[in-house]
Amino acid sequence: PVFQHPYMIKLLPTHISLSYPSVTTLSSSITQNITDDFTISASKSLSPHLVSSFSDLTVTVDFPSSGIQLFLARGCPYITISVSKALSLTFSCNSEIKSISCTDNSTKGKIELEDGQCWIVYSSSELLLQKQENDKSKMVSESFVGIIRVAVMPNNSAESEEMLDQFKSCYATK
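Described below are features of the structure shown in this document. Treat the numbers as computed from the prediction; the structure is a model and nothing was measured.

### Here's the deal with the packing of aromatic side chains
With the rule as written, the count across this model stands at six aromatic pairs. In this structure an aromatic cluster arises from ring pairing among Tyr7, Tyr20, Phe38, Phe91 and Trp119. Positioned above the aromatic ring of tyrosine 78 is the side chain of arginine 149, whose terminal nitrogen or guanidinium carbon lies 4.0 Å from the ring centre.

Structure, rendered in structure tokens:
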């Protein structure tokens, strides 16, 4: 696992798992509860992966067989994924999906979950997110090439969403 504040990220051969840890504070300890809140898988294997670049604040992870690059920056509210080969993607959530709302051009999807979490998926080109009928915690997309940015909205407020919208296209690479 990689802890790239504010997320915990697990890179597995079948998927990338994002956790937005909840914090429990007691007088004797502080505990982070980690679950696979948001998972991204592709129609091709994500194995093997390799770290192609890193610095004190950023890391780039390549998945050569699938054409995916993952850009992570400490403290950044977004997880940035570059998809250079056409892939269909599956997004899974830890909780049942309450609603999905997309912009007219399908470059922003807001996913509200039954457990109260809210995630936003931005894309550089059309990304149609459709909830699967047989699994109410999964969404699938058609074939996609481009940039995807995923962010959790900790307080699900309009102000948080506006701020995420404002900086959705700014990201660090290598």
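### What to know about the pairing of strand β10 (residues 78-93)
The buried fraction of β10 is high, at 12 of 16 residues. As judged from the five bridges shared by strand β6 (residues 38-42) and β10, these two strands associate in the antiparallel manner. Counterpart to phenylalanine 38 in the pairing with β10 is cysteine 93. Summarising the sheet, strand β9 (residues 68-73) and β10 pair through four bridges and their orientation is antiparallel. Considered in β10, the bridge of isoleucine 68 is made with valine 83. From the end of β9 to the start of β10, which pair antiparallel, there are four residues, and glycine 75 there has a positive phi angle of about 80 degrees. Both β10 and strand β15 (residues 138-152) contribute to a ladder of 11 bridges, which runs antiparallel. What sits directly across from valine 83, in β15, is glycine 146.

### Notes on the state of the cysteines
Evaluated as defined, the whole model comprises zero disulfides. With no disulfide of its own, cysteine 118 lies closest to cysteine 93 among cysteine sulfurs, the gap being 10 Å. By relative accessible area, which is 0% here, cysteine 118 ends up buried. With no disulfide of its own, cysteine 170 has cysteine 76 as its nearest cysteine by sulfur position, at a separation of 9.7 Å. Residue classification places cysteine 170 among the partly exposed residues on the basis of a relative accessible area of 48%.

Quick notes on the rules
- Residues numbered from 1 in each chain as written.
- Predicted model: local features only at pLDDT ≥ 70, side-chain atom pairs only at ≥ 80, totals over all residues.
- Heavy atoms only, no water.
- Phe/Tyr/Trp six-rings, centres within 6.5 Å; stacked < 30°, edge-to-face > 60°.
- Lys NZ or Arg CZ within 6 Å of the ring centre and 35° of its normal.
- Buried < 20%, exposed > 50% of the residue type's maximum accessible area, 1.4 Å probe, protein only.
- Helix = DSSP H or I, 4+ residues; strand = E, 2+ residues; numbered from the N terminus.
- Pairing = 2+ DSSP bridges.
- Disulfide = S-S within 2.5 Å.

Function-wise, these values are silent; they only describe arrangement.
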